[in-house]
Amino acid sequence: MSDENCKADARLIGDRATGFQTGNTEHRWDLDALRAGHKVLAEYAYEKKPIVKGYAGRTLYVDLTTKEIREIPVTEDMKKKFTGGRGFGLKLLWDSIKPSTRWDSDENGLVLTAGPMCGSTQYPGFGKSLALTVSPSTDIICDSNAGGYFAPYMKFSGFDAIQVHGKAEEDVIVLIDGVEGKVRIETAPGEETNSHVLAEQLTYLYAFEDTEKARQGVAVVSAGTGAENSYWGCLNISFYDIRRKVARLKQHGRGGLGTVLRHKKIKALVARIDEFDATTNDAVDLDKIAEIGAKYHKEIRDLDKEQCNMRTVGTGHLVEIMDAYDLLPTENYRFGQHPKAPKIYSPHFYKLWTQVIPDGCWYGCTMACAKAADGYTVMTGPYKGHKVTVDGPEYETLGCASNMSIWDPLWVLEFNFYCDTYGLDTISSGTAIAFYMEMYEYGILNKERCGGLELCFGNADAMMELLHRMAAGDDDEFVKVAGKGARRMKDWLKSKNWGDPQLIEDCGMESKGLEYSEYVTKESLAMQGGYGLTLKGPQHDEAWLIFMDMVNNQIPTFADKAEALHYFPMWRTWFGLNGLCKLPWNDVEPADNAETSEPAKVPAHVQNYVDIQNAITGWNVTKEDLILQSERCYNWQRAMNVWMGRGRRADDWIPYRSMGPVTRLEYVSRQEMYDKQMVEDIGVPADSLEAMSIEDRMKTMYHYRQNQYQKLADAVYIRRGWTHNGVPTPQKMKALGFGDETEMLNMLQQKIDEDEAAGLNVWGGDYKGDEKPPSDDDKYWETW
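Positions within a chain are numbered from 1, following the residues in the order the chain's sequence is written. For a predicted model such as this one, the threshold for reporting local features is a pLDDT of at least 70, and the threshold for listing and counting side-chain atom pairs is 80 or more; totals across whole chains, interfaces and linings nevertheless cover every residue. For the side-chain quantities, the full set of heavy atoms in the structure was used; hydrogens and water were omitted.

### Some points on the packing of helix α28 (residues 671-680) against helix α30 (residues 694-720)
Consideration 1: At a minimum axis distance of 11 Å, the contact between α28 and α30 shows a crossing angle of 60°. Classified by the interaxial angle, the pair formed by α28 and α30 is oblique. When you trace α28 past α30, the crossing you get is left-handed. Only I694, R697, T700, M701 and R705 of α30 make contact with α28, whose side of the interface consists of Q671, Y674, D675, Q677 and M678.
Consideration 2: We call Asp, Glu, Lys and Arg charged. Ala, Val, Leu, Ile, Met, Phe, Trp, Tyr, Cys and Pro are nonpolar, and the rest, Gly among them, are polar. For the contact of α28 with α30, the residue count by class is 4 nonpolar, 3 polar and 3 charged. Fitting a line to C-alpha atoms yields each axis, with helices limited to the stretch in contact; the angle taken between N-to-C directions then spans 0 to 180 degrees. Numbering goes from the N terminus for both helices and strands, where a helix is a DSSP run of H or I of at least four residues and a strand is a run of E of at least two. An angle counts as roughly parallel when it lies under 35 degrees, as roughly antiparallel when it exceeds 145, as roughly perpendicular when it falls between 65 and 115, and as oblique in every other case. For any helix crossing, the convention is left-handed if the near helix is rotated counterclockwise from the far helix by under a right angle, and right-handed if that rotation is clockwise. Pairs of residues are marked as contacts when any of their non-hydrogen atoms sit within 4.5 Å.

Here is the structure:
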């Protein structure tokens, strides 16, 4: 897409002065001309059926190459083993891809799913979509959740999931039409690609009539030009905000889902319905859900202001908390605090957000944390000078800003807006660029090597210019490599012989190829495991254990940490199986929660979810059964990683920057704390410590902390029922109910046999701690 085309489309929406619509859409787009450009390539008529106990009872299969559209029945066995949501996505991918499938393979599937509880409106956070594909960043399955209306509308249109395979010859839209009972593949040559415009165009184009209600019945999945030219592509899920009169966006951020969407030449997935209500999800006991929901709505009303203040500032409140506890990433995670951090505390964004509008991203969500800045004037790029609505920033985006030393709220909104409309994950973008900035500071990168960009910490202009050039498909070598992420940048720098290879490896904050989300983990071994011992890579949605571990010292032993790294990833996985948001679980807690035996688990809210799942499905599950549902899917996904060649101990490694101080500057900045740890934790005699140089102390700490991480991995693998190389055992899978999944069981046994044949420690024994320091060259330590 040319810059002039961007500007032309931007001018069409330039009349929005405050984020509220100032005229009919026909004044901005010629809808008839857009429709005229569409050509139906394939159409499938289906029988509209009601939801039964939370399930549509079928999934939708689309192949863009062959133009095949068909439905697949959801069996009782599928429900029992995989529950729904992310679980259904894993099953559908297992049935349709190969171990050699990569992100750009035709057989790779892009799957979006709902869950049995998704679409209910009586309890907050019940509108999440789950998306899965083979990731361009990691070469294994990535999964991501997002708000917006697509998953409920897809389900209410008649499908628990959609899986899209193949690749179109030109840009297409896949429409799930719950009004007419049809699925269509249509060409879409005239619409914009970037999401903030495209979502509005399609909202108006596919509304079944020219009314606000009809526009509310359309949900769009899209990604922009940034997704076409990077591995950071996110999916934007729209929801029409009737108060603002704008199509807003929520993101499936991690893993490159938007990159896969655009590679397949999908301009958008669209679901539309004409109506739904509180009974549409066909709960067995609607009164029970309403009773539980009413109680929780009251908790939010009475307690949120004194707890996390989500209804006022959303997740942005975390900035001041993380800064206070030395956990806010600054300068590529070198430090956890910064004197300029108060400039991006949540009160500054409260002034920019529209304050009188409830901000839920699904009906009935009184947590209302989806904040937005209306009437923001874009400062750079193809939409410069236009006024737009910016969704966010969420905490993670604010953490990206601090990581890059961007301390101006308006520049944070600029970064947020363009990442969203270009279809770029803010987390991967911010974390990778912070790494590039650190390499620039050390001279490993420079202006010439960066294609003319002065990519130093705090240079917001250069940061934005990199995003614009990336989205435009710039052919500069650095720009192209930069868009492929921190892992590929590490490899590129080493291939050029620029800088110390170990320093590059230690500083680039990625694991499995996925960039870290925004928390400093150096002083929390459990959170290091929460990032490294994960399925898709270092993302906090599996386990957020920093406060339990570092602040409150609730899990001091390896066994304690392993138990936490079993329970919390399983519990958090459960939300993705059912189409739910995690935040209502513990971002508002009952007033007496601290008095319970396990306050970190928020037992009253766990029981809420037990009761609601039973009330929707008619099942009779317990809280233990919820964990079992998750264990099945969690282990299945790990087994798929093994199947695809990326699910063993070596793949769970993390960069040393997440374990401890990489550079002399980091050590010296907290020398008193580190020296104390050298004596008390590592056992270095105090008199010997005095004689050690800073470099020798860093070497000793490096060795010790890597040891600790490997011992943690031992404990976690044992607790999860895996081999010491991180492979789920056939016995474990059988115990979870997969005894008849012969192909999966045989594959796992074969991989274990291969590990044994290679002489790996498969079945037992503590980690020996015999790894060497990263380099025998003292120059490395003296320099850095």
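### Remarks on unusual backbone geometry
Consideration 1: Cis geometry marks the peptide bond from G392 to P393, where omega comes out at 10°.
Consideration 2: Within the fold, P393 resides in the loop between β15 (387-391) and α14 (395-403).
Consideration 3: With a phi angle near 65°, D139 is a residue other than glycine that sits in the positive phi range.
Consideration 4: Despite not being glycine, N332 has its phi angle at roughly 55°, a positive value.
Consideration 5: Within the secondary structure, N332 is located in the loop between α12 (318-324) and α13 (346-350).
Consideration 6: Residue burial is assigned from relative accessible area. The probe radius is 1.4 Å, only protein chains are included, and a residue is buried under 20% of its type maximum, exposed over 50%, and partly exposed in between. On the basis of relative accessibility, which here comes to 0%, the residue N332 falls in the buried class.

### Looking at the packing of aromatic side chains
The description of two aromatic rings rests on the distance between their centres and on the angle between their planes.
Consideration 1: Under the pairing criterion, centres of Phe, Tyr and Trp rings, with the six-membered ring standing for Trp, must be within 6.5 Å; the plane angle then separates stacked pairs below 30 degrees from edge-to-face pairs above 60, leaving the rest tilted. Inspection of every chain in the model, using the stated rule, returns 54 aromatic pairs.
Consideration 2: Ring plane angle 40° and centroid distance 5.8 Å describe the contact between F82 and F738, whose orientation is recorded as tilted. Highlighted residues: F82 in helix α3 (residues 76-82) and F738 in the loop between α31 (730-735) and α32 (742-757), separated in sequence by 656 residues. In terms of burial, F82 and F738 fall into one category: buried.
Consideration 3: Each ring, one from W94 and one from W636, has its centre 5.4 Å from the other, and the planes form 75°; the classification is edge-to-face. Taken together, the positions of W94 in helix α4 (residues 86-94) and W636 in helix α26 (residues 623-643) put the pair 542 residues apart, joining distant regions of the chain. You'll find W94 and W636 in the same group, each marked buried.
Consideration 4: A connected cluster of aromatic rings, assembled from ring pairs, spans Y123, F126, Y296, Y567, F568, W571, W574, F575, W585 and Y609.

### Regarding empty space enclosed by the protein
Consideration 1: Cavity and pocket criteria rest on a 1 Å grid covering protein atoms alone: a 1.4 Å probe that fits but cannot get out defines a cavity, protein on both sides within 12 Å along at least 5 of 7 lines defines an open pocket, and an atom within 4 Å of a point defines a lining residue. Grid points are joined across faces, edges and corners, and a volume is the space filled by probe spheres set on the points. One pass over the structure, following the stated rule, counts 2 cavities of 30 Å³ or more.
Consideration 2: Of the voids in this model, the second largest cavity is the one considered here, and its volume is about 40 Å³.
Consideration 3: The wall of the second largest cavity is formed by V313, G314, T315, G316, W353, C369, A370, K371, G392, P393 and E394.
Consideration 4: Residues belonging to the lining of the second largest cavity are distributed by class as follows: 5 nonpolar, 4 polar and 2 charged.

### Considerations on the pairing of strand β12 (residues 246-252)
Consideration 1: The buried count for β12 comes to 6 of 7 residues, which makes it a mostly enclosed element.
Consideration 2: Pairing between strands is defined by DSSP: at least two bridges between them are needed. Hairpin connection of strand β11 (residues 235-241) to β12: 4 residues between the antiparallel strands, including K245 at a positive phi of 60°.

### A few points about the layout of surface pockets
Consideration 1: If you add up the space inside the second largest pocket, you get close to 620 Å³.
Consideration 2: In terms of lining, the second largest pocket is formed by 23 residues, of which the most central are E523, L525, Q677, D681 and R705.
Consideration 3: When contributions to the lining of the second largest pocket are tallied by element, the ones reaching two or more residues are α21 (525-532), α22 (546-551), α23 (558-578), α28 and α30.
Consideration 4: Of the residues that constitute the lining of the second largest pocket, the class distribution is 9 nonpolar, 6 polar and 8 charged.

### What about the packing of α21 against α23?
Consideration 1: Two elements in contact, α21 and α23, have axes separated by 10 Å at closest approach and are oriented at 35°. Of the two elements, α21 crosses α23, and the hand of that crossing is right-handed. Across the interface between the two elements, L525, A526, G529 and G530 of α21 pack against F558, K561 and L565 of α23.
Consideration 2: Split into classes, the residues belonging to the contact of α21 with α23 amount to 4 nonpolar, 2 polar and 1 charged.

### Brief notes about the pairing of strand β7 (residues 161-165)
Consideration 1: Most of β7 is tucked away: 5 of the 5 residues are buried.
Consideration 2: By the alternation rule, side chains of β7 split into A161, Q163 and H165 and I162 and V164, which are all buried.
Consideration 3: Both strand β2 (residues 58-63) and β7 contribute to a ladder of 4 bridges, which runs parallel. By the bridge assignment for β7, D63 is matched with H165.

### Examining the sheet that holds strand β13 (residues 266-272)
Consideration 1: Spatial strand order, β1-β9-β8-β13-β10-β11-β12: 7 strands in an open sheet with mixed pairing. The open sheet terminates on both sides in strands that have one partner only, identified here as β1 (40-45) and β12. The average undirected angle you get between the axes of adjacent strands in this sheet is 20°.
Consideration 2: Here β11 pairs with β12 via 7 bridges, running antiparallel. Across the sheet, the residue bridging to L235 is H252, located in β12.
Consideration 3: Sheet strands touched by helix α5 (residues 150-157): β8 (172-177), β10 (218-222), β11 and β13. Its angle to β13, the strand with the most contacts, is close to 60°.

### Thoughts on α32
Consideration 1: Under the convention used throughout, the expected extent of a helix is 1.5 Å for every residue step, that is, one less than its residue count. For α32, built from 16 residues, the straight-helix expectation of 22 Å at 1.5 Å per residue is met to within 8% by its first-to-last C-alpha distance of 22 Å.
Consideration 2: Turning to α32, its buried residues are M744, L745, M747, L748, K751, I752 and D755. Here the buried residues of α32 occupy an arc of 165° about the axis, which is enough to place them on one side. Exposed side of α32, more than 90 degrees from the buried face: E743 and A757 are the residues found there. Here the arc refers to the directions that run from the helix axis out to each C-beta atom.

### Structural notes on the nonpolar core
Consideration 1: Among the buried residues, those of types Ala, Val, Leu, Ile, Met, Phe, Trp, Tyr and Cys that are joined through side-chain atoms within 4.5 Å form a nonpolar core. Ranked by size, the top nonpolar core spans 213 residues in total, and within it F150, Y436, F478 and Y609 carry the most contacts.
Consideration 2: Looking at this core, the element that brings in the most residues is α30, giving 10 residues.
Consideration 3: Not counting chain neighbours up to four residues away, the residues in contact with F150 comprise L112, I162, I176, A219, V221, I237, L269, V270 and A271.
Consideration 4: Counting 34 residues, the second-largest nonpolar core is a separate cluster that includes F88, A161, F738 and V762.

### Brief notes about the confidence of the model for the chain
Low pLDDT marks stretches whose predicted atomic positions should not be read closely.
Consideration 1: In the predicted model, the chain carries a mean pLDDT of 93, and 94% of its residues have values of at least 70.
Consideration 2: Looking at any residue, its pLDDT shows the predictor's confidence there, from 0 to 100. Segment residues 1-27 is flagged for pLDDT under 50; beyond a separation of four residues in sequence, or across chains, it makes 53 contacts in the model.
Consideration 3: Counting interchain partners and residues more than four positions distant, the pLDDT-below-50 stretch residues 766-784 has 36 contacts.

### Topic: the side chain of E666
Consideration 1: Mapping E666 onto the fold places it in helix α27 (residues 664-669).
Consideration 2: Residues adjacent in sequence count toward polar contacts only when both atoms are side-chain atoms; beyond that, a polar contact is any pair of N or O atoms within 3.5 Å, and within protein one must be able to donate a hydrogen and the other to accept it. Within the local environment of E666, its side chain forms a polar contact with the side chain of K522, the two groups lying 2.7 Å apart.
Consideration 3: Among the polar contacts listed, one links the side chain of E666 to the backbone nitrogen of V662, at a separation of 3.3 Å.
Consideration 4: Excluding residues that lie within four positions of it along the chain, E666 makes contacts with Y333, R334, F335, K522, R657, G660, P661 and Y674.

### Concerning the sheet that holds β2
Consideration 1: Read from one edge to the other, the open sheet built from 6 strands follows the order β3-β2-β7-β4-β5-β6, with strand pairing classed as mixed. Only two strands of the sheet have a single partner each, and these edge strands are β3 (68-73) and β6 (141-146). With strand direction ignored, the average angle separating the axes of adjacent strands in the sheet is 15°.
Consideration 2: Bridging between β2 and β3 involves 6 bridges; their strand directions are antiparallel.

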